[in-house]
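Descriptive analysis of the structure
Read off the chains here:
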Amino acid sequence: MWRARAAAACVFCRNRANGTYGARAKSPLQKLHLVSRSIHHSCNPVSKFQRLPLRISVQQFSILNHFPLRNSKLLLVKYGSQPQRTFWLARVASRLLKLRYIVLGSAVGGGYTAKKTYDQWKDMLPDLGEYKWIVPDFVWEIDEYIDFEKISKALPDSEDFAKLLPDFDKIGESFRSLSGFFTPGYNLISEVIGASDLLLLLGSSGDTAFRATDQGRENEKQYKKGLLGELILLQQQIQQHEEEVRRAADQYSTGSSQQKRKIPDKEKVDQLQEELLRTQLKYQRMLERLEKENKELRKIVLQKDDKGIHQRKLKKSLIDMYSEVLDTLSDYDASYNTHDHLPRVVVVGDQSAGKTSVLEMIAQARIFPRGSGEMMTRSPVKVTLSEGPHHVAMFKDSSREFDLTKEEDLAALRNEIEIRMRKSVSDGCTVSSETISLSVKGPGLQRMVLVDLPGVISTVTSGMAPDTKETIFSISKAYMQNPNAIILCIQDGSVDAERSIVTDLVSQMDPQGKRTIFVLTKVDLAEKNVASPSRIQQIIEGKLFPMKALGYFAVVTGKGNSCESIESIREYEEEFFQNSKLLKNCMLKAHQVTTRNLSLAVSDCFWKMVRESVEQQADAFKATRFNLETEWKNNYPRLRELDRNELFEKAKNEILDEVISLSQVTPKHWEEILQKSLWERVSTHVIENIYLPAAQTTNSGTFNTTVDIKLKQWTDKQLPSKAVEVAWETLQEEFARFMTEEKGKEHDDIFDKLKQAVKDESIKRHKWNEKAEDSLRVIQHNALEDRSISDKQQWDAAIQFMEETLQSRLKDTESVIEDMVGPDWKKRWLYWVGRTKEQTIRNETKNELEKMIRCNEEHPAYLANDEVTTVRKNLEARGVAVDPCLIKDTWHQVYRQHFLKKALGHCNLCRRGFYYYQRHFVDSELECNDVVLFWRIQRMLAITANTLRQQVTNTEVRRLEKNVKEVLEDFAEDCAKKMKLLTGKRVQLAEDLKKVREIQEKLEVFIEALHEEEK
């Protein structure tokens, strides 16, 4: 088809060539379309016309070189004179043929140009394969629904496109002029152009991000598929133009060296450098524009997908998966030097060198607390950067999102980081090794994991712990010892290089520089303060510091004002490097400046290290898992592998079951233990303060009055509180009995410490109902006022209670007397024991007092002074010297023994006294008021025990169960408490096995996702 059109074009050209034009006339061939001319000359390489020398302008260079450029001068062809024909019919036919072929040629040329334009623009579109995970599925099928052929026909003419291209005429003229004055000038031009080598910036991995290499042709296919393919083609055109300049320089060096120079050499060199720098900055702005458009596109897509428009759930990003592995690993191995060899970017530097500022520029937010010269980073901060629709930050152990586009959220985030740092620092210390984990998401963020470490110091100042310097060194070394960690070494460019501390530390950890990236900060201040700019060049070239690195970067992180925004800092940085002599004089190269270039390079290096080491680490954890599983099978073959949390849940269920068992205790059992415990608590007071004083009265009326008064006072002041104390202690005892009771073979002693701690804490938190004492006081007062014994059974029960109480007291009294006077004659003969001198004196005193009681069995409870004197004199007459206080002390026990024996005898007489009691002891010498007193006490104990039992079962057991649940919930959230209470080899082995399994599984999922992304 094209051959037919070309033949037609050739016929048309020959007809035009044979037309009647003057010898000096210009051929109308110039007016043909560009494509038509190319077809004509390709079909007719040897023209029949006599042509004059051609005038060709310098060929413009552009990515769109298939379009005619602006100010492009077409070939001027002159023809000789032809004999004019006078046939008017032939001239009319020629005119008609001209019109037909003009229409035909224009249609063919326009269609071909549109088709070619569409194909080339389609090839230059970036490959979104790497970002397919965030783009909806219908985007990839859009070509099935849109007819691009129709679109191509609707494209404007090629000349309109040509107007959009940059004008390179001035640049080309500068190249030609410069090559005429400098024979080796192409070397300088090559060096200047090499400074803008974007191929180095856009390298995917390895040294291409850091070293100037000439690998553009080898990686052409890979770069064309990337996001910045258009810029790569521009760079390749610059390289081609460089070759043309070199050839032109050789020609002008021999032919035009004698021409007069209109402009001084130095001015032309400066002019050429300015033109090239403007071109380079133009490409840089084009790169930023493309990145900004791509960022906005991603944000829109993620927002739509986040709202559920496409009903498709986004997968977890690679960097989030990798960050989870690091978080889990940090919990498993806090030392970071035994098992954790996974890559991370470790940010180290001297104090106030700009570490935090560099990290904030990479994260595109002012997220860290700032101070004027003081130490602000007091603990490692792990920052996970990932891409997302919104610019937000979140802590690992919190669900709160901080909107980084709002100043109040930024201030709250900085405050929260500072609070967490201070909490992590123990008393007496300045820094801490505890890591704070933070994730930052936002559009266009480079995916990586960075760890900001405390700044290295040379001197410990006042207010710091004495070991602060050594602690910072140990923390930094622990992170840098990881063979797969990428060390981001931050050096302050505004201070003398000889004052650097961190460079020596980094050179010790990475002497070959295989995983170190050097960053020189505050370059703006360095350019002003440093007398020799070549010193900065030596630093960036790695010739000044005794350390090696993969790459060297120079950045500017602001003017020192903490209120500056990230956008203003970025603008200031770009403006500085645009006007900096360091870049103009080729001391620095374009790919070595700005934090954006640094972020790209660090991200590439990070992912390269991840791809190289992650599978090896997964194999290591697989081997560790096998060893731990084998050890468990050998030591605990019949037990399940329960970690600390699972063991706690099991213990929690057992404890709650035991608390519920309290409600299943029978009411009879509760009343029996409550009544027994309450009587043991109050029996001494009843005997000593109520019964004995009342028994000293002479008649029954006085006895009852004394008893009523004593009981009323006791009930109002002491009895209710004593009853509540007894009930609470009884509940504690029963709860402890259920908690510590062994369950046979099912008992697991690993829970003993936990159960004891839960019991103690629950009892400590439990408080009895304050209103219980008031209601209990009324009930006890009413019970003690009742004196009516309804039947003989109650009477006998009261006598039995009284007899048991008196016998118990008599036995205690006799035991006390035996300790006072020593063993009797039987024990002395049988056990060969004797009495001490004091026991002998007390025995003599006891015998003398017993004679006095036998003489007067109704003797009162107190011994008169004259009676004391009589007893003392009688003992002195027998040669026993005794003190009056000893006599009174002995009398108290002797009389008590006498009274209890007498009361027991009276108790036996009252067994038959219920009949006299019903008649109110009328016409009877027997009085049993003491039996009525013990009945009142017994009835009060029974009613109080019943009331307390109801309070325990209906209220206090439930409140105790609630307290136990609260304690268990608090313990469940306190990892330190669980680690303290659930210990042992079995627990630790299960914990290690769980962590290793979790890490291995997450690593395998991450590796699978990594392979899918690479495809």
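Anyway, here's the lowdown on the structure attached to this text. (Residues numbered from 1 in each chain as written. Predicted model: local features only at pLDDT ≥ 70, side-chain atom pairs only at ≥ 80, totals over all residues. Heavy atoms only, no water.)

Regarding the state of the cysteines
In total, this model carries one disulfide according to the counting rule given. Covalently, cysteine 910 is tied to cysteine 928 through a disulfide, its sulfur atoms 2.1 Å apart. Negative torsions about the S-S bond denote left-handed disulfides, and the value of about -100 degrees found for cysteine 910 with cysteine 928 makes this one left-handed. Pair noted here: cysteine 910 is in the loop between helix 33 (884-909) and helix 34 (914-918) and cysteine 928 is in the loop between helix 34 and helix 35 (929-973), with a separation of 18 residues, a long-range link. For the pair cysteine 910 and cysteine 928, a shared accessibility class is recorded, and that class is buried. Cysteine 907 forms no disulfide, and the closest cysteine sulfur to it belongs to cysteine 910, at a distance of 6.8 Å. (Disulfide = S-S within 2.5 Å. Helix = DSSP H or I, 4+ residues; strand = E, 2+ residues; numbered from the N terminus. Buried < 20%, exposed > 50% of the residue type's maximum accessible area, 1.4 Å probe, protein only.)

Here we look at the packing of aromatic side chains
By the definition in use, this model includes 16 aromatic pairs. When the centroid spacing of 6.0 Å and the interplanar angle of 85 degrees are considered together, the rings of phenylalanine 395 and phenylalanine 402 count as edge-to-face. Look at phenylalanine 395 and you get buried, because its relative accessible area is 2%. Note on tryptophan 607 and phenylalanine 1006: the rings are 6.4 Å apart at their centroids and 25 degrees apart in plane angle, and the pair reads as stacked. Taken together, the positions of tryptophan 607 in helix 22 (residues 595-635) and phenylalanine 1006 in helix 37 (residues 985-1014) put the pair 399 residues apart, joining distant regions of the chain. Residue classification places tryptophan 607 among the buried positions, given a relative accessible area of 5%. A connected cluster of aromatic rings, assembled from ring pairs, spans Trp679, Tyr691, Phe801, Phe899 and Phe934. Lying over the aromatic face of phenylalanine 395, arginine 420 brings its terminal NZ or CZ to 4.0 Å of the ring centre. A cation sits over an aromatic face here: arginine 737 above phenylalanine 738, 4.6 Å from the ring centre. (Phe/Tyr/Trp six-rings, centres within 6.5 Å; stacked < 30°, edge-to-face > 60°. Lys NZ or Arg CZ within 6 Å of the ring centre and 35° of its normal.)

Things to note about the environment of alanine 757
If you trace the backbone, alanine 757 turns up in helix 27 (residues 752-765). Each C-alpha atom of the pair alanine 757 and lysine 977 lies 9.9 Å from the other, and the pair is 220 residues apart in sequence. Discounting chain neighbours no more than four positions away, the residues touching alanine 757 are Phe971 and Leu981. (Contact = heavy atoms within 4.5 Å.)

Focus: the packing of helix 23 (residues 644-662) against helix 26 (residues 719-740)
Between helix 23 and helix 26, whose axes approach to 9 Å, the crossing angle comes to 135 degrees. With respect to each other, helix 23 and helix 26 are oriented oblique. Every pair of crossing elements has a handedness; the one defined by helix 23 and helix 26 is right-handed. Where helix 23 abuts helix 26, its residues Ile655, Glu658, Val659, Ser661 and Leu662 lie against Leu731, Glu734, Phe735, Phe738 and Met739. The residue makeup of the contact of helix 23 with helix 26, split by class, is seven nonpolar, one polar and two charged. (Axes fitted to C-alpha atoms, helices over the stretch in contact; angles between N-to-C directions. Parallel < 35°, antiparallel > 145°, perpendicular 65-115°, else oblique. Left-handed = near helix turned anticlockwise from the far one by under 90°. Nonpolar A, V, L, I, M, F, W, Y, C, P; charged D, E, K, R; others polar.)

Some points on the pairing of strand 2 (residues 381-387)
Counting buried positions along strand 2 yields seven of seven residues, so the element is predominantly enclosed. The side-chain alternation of strand 2 yields two buried faces, one formed by Val381, Val383, Leu385 and Glu387 and the other by Lys382, Thr384 and Ser386. Relative to strand 5 (residues 436-442), strand 2 runs parallel, the two being bridged by seven bridges. Residue pairing for strand 5: valine 381 is matched across the bridge by isoleucine 436. (Pairing = 2+ DSSP bridges.)

Description of the sheet that holds strand 2
If you trace the nine strands from one edge of the open sheet to the other, you get 4-3-5-2-6-1-7-8-9, paired in mixed fashion. Pairing within the sheet leaves two strands with one partner each, and these edge strands are strand 4 (402-403) and strand 9 (551-554). Note that strand 1 (residues 345-349) and strand 6 (residues 448-452) share three bridges and pair parallel. Considered in strand 6, the bridge of valine 345 is made with leucine 450.

A short note on a negative patch on the surface
Judged by side-chain charge, Glu966, Glu969, Glu973 and Asp974 come together as a negatively charged surface patch. Tracing the chain through its elements places glutamate 969 in helix 35. (Patch = residues over 30% accessible without salt bridge, like charges linked within 9 Å, V, L, I, M, F, W, Y side chains within 5 Å. Areas by Shrake-Rupley, 256 points an atom, 1.4 Å probe, with all protein chains shown as cover. Salt bridge = Lys/Arg side-chain N within 4 Å of Asp/Glu carboxyl O. Lys, Arg positive; Asp, Glu negative; His and termini not counted. Charge placed at Lys NZ, Arg CZ, Asp CG, Glu CD.)

Description of the environment of glutamate 850
The topology assignment puts glutamate 850 in helix 31 (residues 837-855). Between the C-alpha atom of glutamate 850 and that of histidine 898, which follows or precedes it by 48 residues, the distance is 8.8 Å.

With respect to the pattern of salt bridges
With the rule as written, the count across this model stands at 45 salt bridges. A salt bridge links arginine 447 to glutamate 1013; the shortest N-O distance between them is 3.1 Å. Here the residue arginine 447 occupies a position in the loop between strand 5 and strand 6, and glutamate 1013 occupies one in helix 37, the gap between them amounting to 566 residues.

Details of the packing of helix 24 (residues 667-695) against helix 33
The N-to-C vectors of helix 24 and helix 33 enclose an angle of 75 degrees; their axes lie 12 Å apart at closest approach. In terms of orientation, helix 24 lies roughly perpendicular with respect to helix 33. Together, Ile687, Glu688, Tyr691, Leu692 and Ala695 of helix 24 and Arg896, Phe899 and Ala903 of helix 33 make up the contact between the two elements. Residue classes in the contact of helix 24 with helix 33 are distributed as six nonpolar, no polar and two charged.

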